[in-house]
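# Close look at the chain arrangement
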Amino acid sequence: TINASNISSGTLARARFSGGKILQVISKTMTSNFSMTSGTTADVTGLSQAITMASSSNHLLVLGNYILRNGGNSATVNPGANVFITDDSNNLKAGSYFLSHLASNGQHPTWTANQCAYLTPATTSSYTVKVRCNNASEGGLVQFYGSSNNSYSTNLTLMEIAA
């Protein structure tokens with residue numbers, strides 16, 4: 001209740017102004033393409049990352065940045081992908097459904113997608129975050145582009161934030 005301009009001596013406890021500080025950032029860039037056919041759910045190879053939190057009360061901001069390609073064998077196929085951020089035990093933390101509409105046979109649109117999740121892992125042990133995908137199209141393809149393909153960059157970034 002005291003205005004900071006009225007404080008001319010003494011010290012203030014750091015705890016009065018804590019929280020929200022980014023303590024560590026870990027980023028993982030996918031180096032190889034990952035493809036899956038219809039009807040399957042799988043971990044996206046190259047998009048998992050472990051972090052050890054400094055405190056069990058800290059928060060974890062997870063950012064997924066994906067370069068995706070969907071494809072189908074006919075104009076009647078509308079390729080779709082369910083993309084999930086999970087923990088190591090496949091517990092859902094965030095999910096999105098991405099759908100492409102094909103105008104003609106053999107099209108394979110490429111596009112970017114982003115996801116985020118704000119978690120409290122409640123541990124100081126190693127905590128793994130991964131990306132999983134379910135190919136929801138009938139006869140289609142879902143592909144995540146790795147950085148070796150060209151200038152594309154699919155990545156997963158973890159930021160520990162002080163409570």
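Along each chain, residues carry numbers from 1 onward, in the same order as the chain's sequence is written. Local features are withheld for residues below a pLDDT of 70 in this predicted model, meaning they are given only at 70 or higher, and side-chain atom pairs are given and counted only at 80 or more; totals for whole chains, interfaces and linings count all residues. Side-chain numbers come from the whole structure's heavy atoms, not from hydrogens or water.

### A word on the pattern of salt bridges
The salt bridge criterion pairs a side-chain nitrogen of Lys or Arg with a carboxyl oxygen of Asp or Glu, the two atoms within 4 Å. Overall, the coordinates contain two salt bridges when judged by the stated rule. One salt bridge in this structure joins Lys130 and Asp43, with 3.1 Å as the shortest N-O distance. Remark: Asp43 occurs in strand β3 (residues 41-52) and Lys130 occurs in strand β8 (residues 126-135); sequence separation between them is 87 residues. On the basis of relative accessible area, Asp43 is assigned to the partly exposed category, the value being 33%. Salt bridges linked by common partners bring Asp43, Lys130 and Arg132 together as one network. What counts as a helix is a DSSP run of H or I of at least four residues, what counts as a strand is a run of E of at least two, and both are numbered from the N terminus. Exposed residues in this analysis have more than 50% of their type's maximum accessible area, buried residues have under 20%, and partly exposed residues fall in between, with area computed by a 1.4 Å probe over protein chains only.

### Examining the nonpolar core
For the purposes of this section, nonpolar cores are sets of buried Ala, Val, Leu, Ile, Met, Phe, Trp, Tyr and Cys residues that join through side-chain atoms within 4.5 Å. Leu60, Val62, Tyr66 and Phe144 are the most contacted members of the largest nonpolar core, which has 27 residues in total. Listing elements by their share of this core, those giving two or more residues are β2 (34-37), β3, β4 (59-71), β5 (80-87), β7 (110-119), β8, β9 (141-144) and β10 (155-161). Two residues form a contact once any of their heavy atoms are found within 4.5 Å. When residues no more than four places from it in sequence are discounted, the contact partners of Val62 are Ile85, Gln115, Cys116, Ala117, Leu119, Val129, Leu156, Thr157 and Leu158.

### Observations concerning the packing of aromatic side chains
Between the rings of Phe, Tyr and Trp (Trp by its six-membered ring), a pair exists once the centres lie within 6.5 Å; its type follows the angle of the planes, with under 30 degrees stacked, over 60 edge-to-face, and the other angles tilted. If you walk through the whole model with that rule in mind, you get two aromatic pairs. On the numbers, 6.3 Å between centres and 55° between planes, the contact of Phe34 with Phe144 is tilted. Placement of Phe34 in strand β2 and of Phe144 in strand β9 is noted, with a sequence separation of 110 residues between them. Both residues of the pair, Phe34 and Phe144, count as buried. Ring plane angle 80° and centroid distance 5.8 Å describe the contact between Tyr66 and Phe144, whose orientation is recorded as edge-to-face. One end of the pair, Tyr66, is in strand β4; the other, Phe144, is in strand β9, and 78 residues separate them in sequence.

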